[in-house]
Amino acid sequence: MIAAERTLTVRHAGREHPVLVQIFLPEQVGPNWNCRYSIDWPDAPIESFAGGNDAIAALHAAIEKVGMELHMSRFHHERAMWWLKPWVGYGFPLPKGARDELIGDDQRFYGLDKP
């Protein structure tokens, strides 16, 4: 069952394409939990999951992992992806060690504190 979804837009092959991001409800797997997600990239859709000790940990890990997938994509590096205009970013937090990858509004809301 889908817990949440967001549609981003990418410019690919000279056209704009919707990219649906779906995060599913966490599922218990033995003593742990998995939270599946999918990203419908125009050239290579992916499905993966993140795990945790309980449902909240798995959901949190999946949200951050989606953020990493987005920020490590070629569309991000080519500046060919957006969520809302004039919002600059995708609205997904990143793990602390990767927050230097955040841009625009995401950096303001989820970035590292500057001394």
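Being a predicted model, the structure only gives us computed values, none of them experimental.

## Quick look at the overall build of the protein chain
- The helix and strand inventory of the protein chain stands at 3 helices and 6 strands.
- Helices (α) and strands (β) of the protein chain occur, in sequence order from the N terminus, as β-β-β-β-β-α-α-β-α.
- Over its C-alpha trace the protein chain gives a radius of gyration of 15 Å, about what one expects of a compact globule, namely 13 Å for 115 residues.
- The principal-axis extents of the C-alpha atoms in the protein chain amount to approximately 45 × 40 × 20 Å.
- Long-range pairs, those at least 24 residues apart, make up 37% of the contacts in the protein chain between residues at least 6 apart in sequence.
- Computing the positive centroid from 12 side-chain charges and the negative centroid from 15, the protein chain places the two 5 Å apart.

## Quick word on the nonpolar core
- Counting 19 residues, the largest nonpolar core has Ile-39, Trp-41, Val-66, Leu-70 and Met-81 as the members making the most contacts within it.
- The leading source of residues in this core is helix α1 (residues 55-71), at 4 residues.
- Apart from residues lying up to four places away in sequence, Val-66 is in contact with Val-21, Ile-23, Tyr-37, Ile-39 and Phe-92.

## Things to note about the pattern of salt bridges
- What the rule picks out here adds up to 4 salt bridges.
- Between Arg-108 and Asp-105 there is a salt bridge, and its shortest N-O distance comes to 2.8 Å. Of this pair, Arg-108 and Asp-105 both sit in helix α3 (residues 104-110), 3 residues apart, roughly one helical turn.
- Salt bridges linked by common partners bring Asp-43, Arg-74 and Glu-78 together as one network.

## Looking at α1
- The terminal C-alpha atoms of α1 lie 24 Å apart, and with 17 residues this matches the ideal 24 Å at 1.5 Å per residue to within 8%.
- For α1, the set of buried residues is Ala-58, Ala-62, Glu-64, Val-66, Gly-67, Leu-70 and His-71.
- Regarding α1, its N-cap is Asp-54, as a side-chain oxygen of that residue lies 3.3 Å from the backbone nitrogen of Ile-56 further along.

## Observations concerning the pairing of strand β1 (residues 2-12)
- Bridging between β1 and strand β2 (residues 15-24) involves 10 bridges; their strand directions are antiparallel. Counted as the bridge partner of Val-10 is His-17 from β2.

## Remarks on the pairing of β2
- Linking β1 to β2, which pair antiparallel, is a turn of 2 residues; within it Ala-13 sits at a positive phi near 55°.
- Across 3 bridges, the pairing between β2 and strand β4 (residues 32-39) is antiparallel. Residue Val-21 lies in a different strand from β4, and its bridge partner there is Ile-39.

## Quick look at the packing of aromatic side chains
- Per the stated rule, a full pass over the model turns up 1 aromatic pair.
- Aromatic side chains Trp-41 and Phe-75 sit 5.3 Å apart centroid to centroid with 20° between the ring planes, which places their arrangement in the stacked category. Here Phe-75 lies in helix α2 (residues 74-77) and Trp-41 lies in the loop between β4 and β5 (46-52), a separation of 34 residues in the sequence. Like Phe-75, Trp-41 is buried.
- The ring of Phe-92 carries the charged tip of Arg-6 above its face, separated from the ring centre by 5.0 Å.
- The lysine or arginine in question, Lys-65, covers the ring of Phe-49, its NZ or CZ lying 6.0 Å from the ring centre.

Here is what the cut-offs are and how they apply
- Residues numbered from 1 in each chain as written.
- Predicted model: local features only at pLDDT ≥ 70, side-chain atom pairs only at ≥ 80, totals over all residues.
- Heavy atoms only, no water.
- Helix = DSSP H or I, 4+ residues; strand = E, 2+ residues; numbered from the N terminus.
- Rg over C-alpha atoms; globule rule 2.2 N^0.38 Å.
- Contact = heavy atoms within 4.5 Å.
- Lys, Arg positive; Asp, Glu negative; His and termini not counted.
- Charge placed at Lys NZ, Arg CZ, Asp CG, Glu CD.
- Core = buried A, V, L, I, M, F, W, Y, C linked by side-chain atoms within 4.5 Å.
- Buried < 20%, exposed > 50% of the residue type's maximum accessible area, 1.4 Å probe, protein only.
- Salt bridge = Lys/Arg side-chain N within 4 Å of Asp/Glu carboxyl O.
- Expected span 1.5 Å × (residues − 1).
- Polar contact = N/O pair within 3.5 Å; in protein donor to acceptor, adjacent residues only side chain to side chain.
- Pairing = 2+ DSSP bridges.
- Phe/Tyr/Trp six-rings, centres within 6.5 Å; stacked < 30°, edge-to-face > 60°.
- Lys NZ or Arg CZ within 6 Å of the ring centre and 35° of its normal.

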